[in-house]
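Close look at the chain arrangement
Chain by chain, the residues run as shown.
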Amino acid sequence: MSSTDTLELTEVELDLAKPFACVVWNDPVNLMSYVTHVFMTYFNYSKSKAEQLMLQVHHEGRAFVSHGDREKIERDVAAMHEFGLWATVEQGG
Amino acid sequence: MGNCGAGRLMAHAFERSITGKIIGRLDAVEQALLRSLLQQLAVLLHESDDGAAQDPIAQLVGIQDLAERPADPALLRLFPDAYREDEAAANDFRRYTEAALRAKKTSEADAAIAILDRADSKVELSEAEAKLMLAALNNTRLVLATRLSLTDETTLEQLLIAEQDSGGAAHLYEWLTWLQETLVRAVMRDETN
């Protein structure tokens, strides 16, 4: 095996090991109070953690709100869509 | 994110009573207005339910053979892409989740209308009803905001000024925002205790 092949294999392995993340994006409609309520009820986060994530979405445009394997993150993103939040599946983070 | 003008919070549409019940005080005109907006949401959702979802087998397994990305921006906001840079993954996600998501949003809109139909001068909500009313209000605001082209660049204030006192769609949107804000606060009063 050439050194190039080894490098490529390592990159694939690293890629597979990366966790997925549920990212919630800022939008002009969802209320700050409602977003906090969603983070508290769905993820069971404390009020302070939920508010911190909500403020991150508000000020930075997005926040990584949960991490895990692809199956879990797709479930989380589907749940965010049920609540009307704008969420996507992202790799890494 | 959206916010609610502080002045409007002086009054409360929805409140949690001393006995812990969530009660909305909306007069007949306000109830009729809310019902008509929820009805428009329900019609949009019912109409978006295409042939694939009517196939009994597809309904049974909750998977659509062809779940197309909605062309209507309001529907796209209700059923957004779950992957930003991977069209195939986004399409797969849509095939497996959109039918159930549409069914949930449709049943919430229908249930919210049914709650208003049985209400008198007070709209009394159980915890479960308050949560589905919150979801239905949020979906209605998402659709209305898309129709108003309400983006981070175009603020609600600009739209309200343009409408003046005509009581147009931007004013309706602001009223719905106020309703939702009071409802979410009433619901959270219990969560934070």
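As shown above, the structure is provided for reference.
Residues numbered from 1 in each chain as written. Chains lettered and ligands numbered in written order. Predicted model: local features only at pLDDT ≥ 70, side-chain atom pairs only at ≥ 80, totals over all residues.

**Some details on helix α2 (residues 32-43) of chain A**
Residues and elements named next belong to chain A. The terminal C-alpha atoms of α2, which comprises twelve residues, lie 16 Å apart, in line with the 16 Å expected from a rise of 1.5 Å per residue. By the burial criterion, the buried members of α2 are Ser 33, Tyr 34, Val 35, Thr 36, His 37, Val 38 and Phe 39. Immediately downstream of α2, the backbone of Asn 44 shows phi near 65 degrees, a positive value. (Helix = DSSP H or I, 4+ residues; strand = E, 2+ residues; numbered from the N terminus. Expected span 1.5 Å × (residues − 1). Buried ≥ 20, exposed ≤ 12 C-beta atoms within 10 Å, placed from the backbone.)

**Digging into the pairing of strand β2 (residues 22-25) of chain B**
Residue and element names in this part refer to chain B. Burial along β2 is one-sided: Ile 22 and Gly 24 are buried, and none of Ile 23 and Arg 25, which face the opposite way, are. In the sheet, strand β1 (residues 14-16) pairs with β2 via three bridges, with the strands oriented antiparallel. Across the sheet, the residue bridging to Phe 14 is Gly 24, located in β2. Counted along the chain from β1 to the antiparallel partner β2, the turn is five residues long, and its residue Gly 20 has a positive phi close to 95 degrees. One ladder, built from four bridges, connects β2 with strand β3 (residues 122-125); its direction is antiparallel. Directly across from Gly 24, in β3, lies its bridge partner Val 123. (Pairing = 2+ DSSP bridges.)

**Overview of the packing of helix α5 (residues 87-118) of chain B against helix α6 (residues 127-147) of chain B**
All names here are of chain B. Across the interface, α5 lies against α6 with an axial gap of 9 Å and an inter-helix angle of 110 degrees. With respect to their mutual orientation, α5 and α6 come out roughly perpendicular. At the point where α5 passes α6, the crossing takes the left-handed sense. Residues Lys 105, Glu 108, Ala 109, Ala 111, Ala 112 and Ile 115 of α5 touch α6, and the partners they reach there are Glu 129, Leu 132, Met 133, Ala 135, Ala 136 and Asn 139. (Axes fitted to C-alpha atoms, helices over the stretch in contact; angles between N-to-C directions. Parallel < 35°, antiparallel > 145°, perpendicular 65-115°, else oblique. Left-handed = near helix turned anticlockwise from the far one by under 90°. Contact = placed C-beta atoms within 7 Å.)

**So, the sheet that holds β1 of chain B**
Residues and elements named next belong to chain B. As summarised here, the arrangement of the three strands in space is β1-β2-β3, forming an open sheet in which the pairing is antiparallel. Single-partner strands in this sheet number two, and they are β1 and β3. The sheet shows a mean angle of 25 degrees between the axes of neighbouring strands, direction not considered.

**Some remarks on the interface of chain A and chain B**
Counting residues at the interface gives 23 residues for chain A, matched by 29 residues for chain B. Elements supplying a minimum of two residues to the side of chain A that touches chain B: α2, α3 (47-60), α4 (70-83) and β3 (86-91) of chain A. For the side of chain A that touches chain B, a count of residues per class yields twelve nonpolar, eight polar and three charged. (Nonpolar A, V, L, I, M, F, W, Y, C, P; charged D, E, K, R; others polar.)

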